[in-house]
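The chain contents come next:
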Amino acid sequence: EAQVTQNPRYLITVTGKKLTVTCSQNMNHEYMSWYRQDPGLGLRQIYYSMNVEVTDKGDVPEGYKVSRKEKRNFPLILESPSPNQTSLYFCASSLKAWASGGTTQYFGPGTRLTVL
Amino acid sequence: LAKTTQPISMDSYEGQEVNITCSHNNIATNDYITWYQQFPSQGPRFIIQGYKTKVTNEVASLFIPADRKSSTLSLPRVSLSDTAVYYCLQHGSSNTGKLIFGQGTTLQVKP
């Protein structure tokens, strides 16, 4: 089944304790992206990757890191989480980033993160 | 960067047709318009995509006027299960992966 998976689905942690949220897709997509969703603010892009070893900042990259060593995986790293990073996080992938087909994004189920 | 504007919320009743309009700021010649639907605690899912005129699939229709400064998502005969947040997105021509979703429209369907 074609899908985007995220782990963990729920995480409660404390300020300053490094964590990684994994994201994996099995559709051989070039493009992957991370979003956070907060009440009243919609979806905001954190980082994206156009292909392996190519990553760039989205709208709200501060406090986050990403890597894209393999095509299928795009982990989100919080080196020193803070309470303002408490949010619902979504990973997404698409065949390509731009139009002319293949731009439908497939979203993962989300990771609810709480930083105390 | 491209920014879309849509109503924050809408109410409807079961069986009615619902139209949600999105304004597209600075839409570029090659930008496509895509709509997503999101249920609580789930990731958004693709509904429909278009470039101009009208596109229809089994779920919805998308109307894009000639000037492409707006788009309208039309949901025929909504049911309670259509209660969700709907996002429009314009993208494609800038050769960048940076995407900006709007705040979304919360559609509440009442019995």
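Source: prediction; values computed, not measured. (Residues numbered from 1 in each chain as written. Chains lettered and ligands numbered in written order. Predicted model: local features only at pLDDT ≥ 70, side-chain atom pairs only at ≥ 80, totals over all residues. Heavy atoms only, no water.)

## Notes on the state of the cysteines
When the sulfur atoms of two cysteines share a covalent bond, that bond is a disulfide. Worth spelling out the cut-off: When the sulfur atoms of two cysteines come within 2.5 Å, that pair is taken as a disulfide. Where helices and strands are cited, they refer to DSSP runs of H or I of at least four residues and of E of at least two residues respectively, numbered from the N terminus. Classification of residues uses two cut-offs on accessible area relative to the type maximum, computed with a 1.4 Å probe and protein chains only: under 20% is buried, over 50% is exposed, and between them is partly exposed.
Applying the stated criterion across every chain, the model contains 2 disulfides over all chains. In this model C23 of chain A forms its disulfide with C91 of chain A; the gap between the sulfur atoms is 1.8 Å. Every disulfide takes its handedness from the sign of the S-S torsion; for C23 of chain A and C91 of chain A that torsion is -75°, giving left-handed. A residue pair is termed long-range when its members are at least 10 positions apart, and C23 of chain A in strand β3 (residues 19–25) and C91 of chain A in strand β9 (residues 87–94) qualify at 68 residues. As far as burial versus exposure is concerned, C23 of chain A and C91 of chain A are alike and both buried. Paired by a disulfide, C22 of chain B and C88 of chain B hold their sulfur atoms 1.9 Å apart. Because the torsion about its S-S bond is 50°, the bridge between C22 of chain B and C88 of chain B counts as right-handed. Of this pair, C22 of chain B sits in strand β3 (residues 18–25) while C88 of chain B is found in strand β9 (residues 84–91), placing the two residues 66 residues apart along the sequence. On the basis of relative accessible area, C22 of chain B is assigned to the buried category, the value being 0%. Residue C88 of chain B is classed as buried on the basis of its relative accessible area of 0%.

## Concerning the layout of surface pockets
Going by this rule: The rule is simple: put a 1 Å grid over the protein atoms alone, call a set of points where a 1.4 Å probe fits but cannot get out a cavity, call an open set with protein on both sides within 12 Å along at least five of seven lines a pocket, and count a residue as lining if it has an atom within 4 Å of a point. Grid points are joined across faces, edges and corners, and a volume is the space filled by probe spheres set on the points. Three residue categories are used. Nonpolar comprises Ala, Val, Leu, Ile, Met, Phe, Trp, Tyr, Cys and Pro, charged comprises Asp, Glu, Lys and Arg, and polar comprises the others, including Gly.
Considered as a void within the structure, the largest pocket measures approximately 420 Å³ in volume. Secondary-structure elements contributing two or more residues to the lining of the largest pocket are β4 (31–38) of chain A together with β9 and β10 (105–110) of chain B. Here the lining of the largest pocket gets 3 residues from one element, more than from any other, and that element is β9 of chain B. Its boundaries defined by the atoms lining it, the second largest pocket holds a volume of some 350 Å³. In terms of lining residues, the second largest pocket is bounded by 18 residues, among which A2, Y106 and F107 of chain A together with P44 and R45 of chain B are the most central. Taken together, the residues of the lining of the second largest pocket break down into 9 nonpolar, 7 polar and 2 charged.

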